[in-house]
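Notes for the structure review
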Amino acid sequence: MSGAERLVVLGGGESGIGAAILGKKVGFEVLVSDAGSIKQNYKDVLLNHRIEFEEKQHSMDRILKADLVVKSPGIPEKVAVIKALRKQIIPIISEIEFASNFTDAKLIAITGSNGKTTTTSLTHHLLKDTLDAGLAGNIGDSFAEKVAKESHNYYVLEISSFQLDDIIDFRPYIAVITNITPDHLDRYNYRFEDYVEAKFKVTMNQTKDDYLIYDGDDPVIDQWLSKNKIKAMKVPFSLESEFENGTYFKDNEIIITIDNNKITMPTTNLTLQGKHNLKNTMAASTVAHLLKIRKQTIRESLENFQGVEHRLEHVLKINKVQYINDSKATNVNATYYALESMDAPTVWIVGGEDKGNNYEELFPFVNEKVKAIICLGIDNEKLVDNFAGMVDIMVETQSMSEAVKIAYKIAEAGDNVLLSPACASFDLFENYEDRGRQFKAAVRQL
């Protein structure tokens, strides 16, 4: 790509700002355009880098003169500006695609409906002391900004299906699919198969020299792989089956075998608890073993990993009641894991912006473990319809501080209070981080 070509970045959020910084650095003439408002901290960055931007509008005459467009993962295909660009056949790519053109680093790309943040953080934690590995993507800094400002031999990337929607040549050396369950179906015309296809784009450009690590127990992944050929070496992990090439769990040990090189890891001292975290641990350990990290280093790193904020995060114990922040549970499957791991009667705070949720898989846990439900959302009708008959106490509220105060009144010594919303946060909060921080602040004020 030659200099002075026109780059238009649609969306002035984390990924857009990163793409703009990298674009300017490599010689593009850059315009950032956002139909909404750009946050002040991002505006300051753009002004500091002398990058032109506009907000609350799209100047179509300028946008349609672009040589290349990088679009924010949050912008769907159906909006007018994307349709106009497609009509003019102007190339539209995602920020991860753009960034990957300007680094020679080997990429570890981790996607999945749930567990990807924990798996990405843990993988980086296992690699960082031995290999020069950066951490980016959906976690922390955007990949483009990291590429613009730092140089690494490896990048561990958390990648969403939205980011994969607009890749062309993006090719990770190691791809990881943690699991696939219905999520974001509103974005994929309520067609689960379209969402599944988006996830598998992570392996689309891989060759026989690359690796795909995936959950061998996941029926959706298994079915897709049985019908589609991929070039990458397949490395499954499982709690149910044993593999000659892959990772499995037996007698409280994780056993990893790749190209006849076998290691075993005891799981007795792992900091992450729960079945789902055992899978996240298997996925991350498999990456580390593939990259020749010593067994001793893997074991020590697994035992001192601190976990991820807003993911089953133990906040405080007050009057022998444990308050747990699982704000990152933005879909039913994530909440399934949270409820599954509860070992005491639970007051459950749930609700938000429903993405076409089916709550049936939660019924057994709600019947068995949940003593009260606090609905926290603008529209709680679906939650009430689903769960009203299962618990004695069901309360509706639209503020986090009120939800926490109600939970405090209901919970008794030995109980858990769990925020695990199973929904997006955009009805009452900026994002799941804002929701989680408000929960923690409200708990600390009790």
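Below you will find a few notes about this structure. Think of each chain on its own: its residues are numbered from 1, step by step along the sequence as written. Totals for whole chains, interfaces and linings use every residue, but because this is a predicted model, local features are given only for residues with pLDDT of at least 70 and side-chain atom pairs only at 80 or more, for both listing and counting. Only hydrogens and water are set aside; all other atoms, that is, all heavy atoms of the structure, feed into the side-chain values.

1. Some remarks on the sheet that holds strand E20 (residues 416-419)
- Spatially, the 6 strands line up as an open sheet ordered E15-E16-E20-E17-E18-E19, and their pairing is mixed. Strand pairing shows two members of the sheet lacking a second neighbour, strand E15 (313-318) and strand E19 (393-397), which therefore form its edges. The sheet shows a mean angle of 15 degrees between the axes of neighbouring strands, direction not considered.
- DSSP-based pairing: two strands are paired if at least 2 bridges between them are found. Here a strand is any run of E in DSSP of at least two residues, a helix any run of H or I of at least four, and the numbering for each starts at the N terminus. With 5 bridges connecting them, strand E18 (residues 370-376) and E19 associate as parallel partners. Each residue of the ladder has a partner; that of alanine 372, found in E19, is isoleucine 393.
- By definition, residues are in contact when any of their heavy atoms lie within 4.5 Å. Orientation is described by axes fitted as lines to C-alpha atoms, over the contacting stretch for helices, and by angles from 0 to 180 degrees between their N-to-C directions. Against the sheet, helix H16 (residues 400-410) touches E15, strand E16 (321-325), strand E17 (346-350), E18, E19 and E20, its axis set at about 165 degrees to E18.

2. Describing the environment of isoleucine 324
- In this fold, isoleucine 324 is placed in strand E16.
- Throughout this description, buried means an accessible area under 20% of the type-specific maximum (1.4 Å probe, protein chains only), exposed means over 50%, and partly exposed covers the range between. Assessed through its relative accessible area of 2%, isoleucine 324 is described here as buried.
- Sequence separation between isoleucine 324 and isoleucine 96 is 228 residues; the distance between their C-alpha atoms is 33 Å.

3. A look at the environment of serine 15
- Locating serine 15 in the fold gives a position in helix H1 (residues 14-25).
- A C-alpha to C-alpha distance of 25 Å links serine 15 and glycine 352, two positions 337 residues apart in sequence.
- Not counting residues up to four positions away in its chain, the partners in contact with serine 15 are Ser72, Pro73, Glu95 and Ser142.

4. A few points about the sheet that holds strand E6 (residues 106-111)
- Strand order in the open sheet formed by 9 strands is E7-E8-E6-E9-E10-E11-E12-E13-E14, with mixed pairing between adjacent strands. This sheet does not close on itself; its edge strands, each paired only once, are strand E7 (133-137) and strand E14 (261-266). Each adjacent strand pair in this sheet contributes to an overall mean axis angle of 15 degrees, direction not counted.
- Where strand E9 (residues 174-177) and strand E10 (residues 211-215) come together, 4 bridges link them in parallel fashion. Within the sheet, the bridge partner assigned to isoleucine 177 lies in E10 and is tyrosine 214.
- The sheet strands contacting helix H6 (residues 116-127) are E6, E7 and strand E8 (154-158), and the helix crosses E8 at an angle near 165 degrees.

Taken by themselves, the reported measurements are silent on function.
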